[in-house]
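# Geometric and topological summary
For reference, the chains in residue letters:
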Amino acid sequence: CGGCSIISGSGGSEIPSIFAFDMRQHGATRTNNDNDLSIDRLATDTVAVLNVALGSRVRVILVGHSLGGSVVTHVAAKHTALLRSGIQLVGLVVLDVVEGTAMAALPAMRGLLSQRAPYFPSLNDAIRYATAAGQPRNTASARLSIPPQLVQQQQDGGGGSGGGG
């Protein structure tokens with residue numbers, strides 16, 4: 001949830017660039033107000049990232065999955081006027097989005113995330129935890145999907161995988 005990618009290319013470029021980022025409260029991204037997860041806030045954040053990260057004379061295709069799909073749709077529908085001059089939105093790709101359901105679930109997510117273990121002694125412990133919680137339901141999928149959600153932390157000489165994500 002919360003994945004956004006931007007595919008961009010300069011006017012004559014044959015090979016597009018792909019720029020992916022985490023929204024607030026996703027991955028390692030933190031802000032001064034992590035409690036504001038409104039669709040307008042997430043869309044405004046996306047525009048701010050575009051304006052800072054992209055050069056001038058850039059054509060952009062926004063790509064979003066799940067909540068990210070709702071966000072990029074919102075950007076395209078209501079926030080293109082905030083894009084810096086020279087950034088041209090030319091396409092939108094939305095994958096697996098159920099906006100009403102996703103938005104209704106946001107308030108419950110904070111409680112769900114607060115119940116998650118803050119630390120795992122090992123990657124295998126994190127994978128066992130995730131499969132026991134049903135996300136995903138099988139170990140093979142967990143071995144692929146869980147590691148990118150974790151942040152390696154050092155604590156007093158010991159290592160482990162923090163429950164970031």
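## What to know about helix α4 (residues 123-132)
Those residues of α4 that sit buried are A126, I127 and A130. For α4, the angular spread of buried residues about the axis comes to 100°, placing them on one side. Close packing links the buried residues of α4 with β5 (119-120) and α5 (139-145). Looking one or two residues beyond α4, the residue adopting positive phi is G134, at roughly 80°.

## Examining the packing of helix α1 (residues 39-53) against helix α2 (residues 67-79)
Contact geometry of α1 with α2 gives a least axis separation of 9 Å together with a crossing angle of 75°. On the basis of the axis angle, α1 is roughly perpendicular to α2. Listed contacts from α2 to I39, D40, L42, A43, T44, T46 and V47 of α1 are L67, S70, V71, H74, V75 and H79. A breakdown of the residues in the contact of α1 with α2 according to their chemical character gives seven nonpolar, five polar and one charged.

## Some points on the nonpolar core
With 17 residues, the main nonpolar core has L50, L54, V60, L62, V71 and V75 as its most contacted residues. For this core, the secondary-structure elements that each account for two or more residues are α1, β3 (58-65) and α2. Considering each element in turn, this core owes the most residues, five residues, to α1. Judged by nonpolar contacts, the second largest core, of seven residues, contains F120, I127, A130 and L150.

## What about the pattern of salt bridges?
Should the charged atoms of two oppositely charged side chains come close, the side chains can pair. Under the counting rule described, the total for this entry stands at four salt bridges. Between D45 and R24 there is a salt bridge, with the nearest N and O atoms lying 2.6 Å from each other. A residue pair is termed long-range when its members are at least 10 positions apart, and D45 in helix α1 and R24 in the loop between β2 (17-22) and α1 qualify at 21 residues. Comparing D45 with R24 shows no difference in burial state: the two are buried. A salt bridge links R128 to D125; the nearest nitrogen and oxygen atoms lie 2.5 Å apart. Here D125 and R128 lie together in helix α4, a separation of three residues that amounts to about one turn. Classification of D125 by relative accessible area gives partly exposed; the value is 25%. The network of salt bridges with shared partners includes R24, D36, R41 and D45.

## Regarding α1
Given a rise of 1.5 Å per residue, 15 residues ought to cover 21 Å, and the 21 Å separating the end C-alpha atoms of α1 matches this to within 8%. When α1 is considered as a whole, its buried residues turn out to be I39, L42, A43, D45, T46, V47 and L50.

What counts and what doesn't
- Residues numbered from 1 in each chain as written.
- Predicted model: local features only at pLDDT ≥ 70, side-chain atom pairs only at ≥ 80, totals over all residues.
- Heavy atoms only, no water.
- Buried < 20%, exposed > 50% of the residue type's maximum accessible area, 1.4 Å probe, protein only.
- Helix = DSSP H or I, 4+ residues; strand = E, 2+ residues; numbered from the N terminus.
- Arc of directions from axis to C-beta.
- Contact = heavy atoms within 4.5 Å.
- Axes fitted to C-alpha atoms, helices over the stretch in contact; angles between N-to-C directions.
- Parallel < 35°, antiparallel > 145°, perpendicular 65-115°, else oblique.
- Nonpolar A, V, L, I, M, F, W, Y, C, P; charged D, E, K, R; others polar.
- Core = buried A, V, L, I, M, F, W, Y, C linked by side-chain atoms within 4.5 Å.
- Salt bridge = Lys/Arg side-chain N within 4 Å of Asp/Glu carboxyl O.
- Expected span 1.5 Å × (residues − 1).

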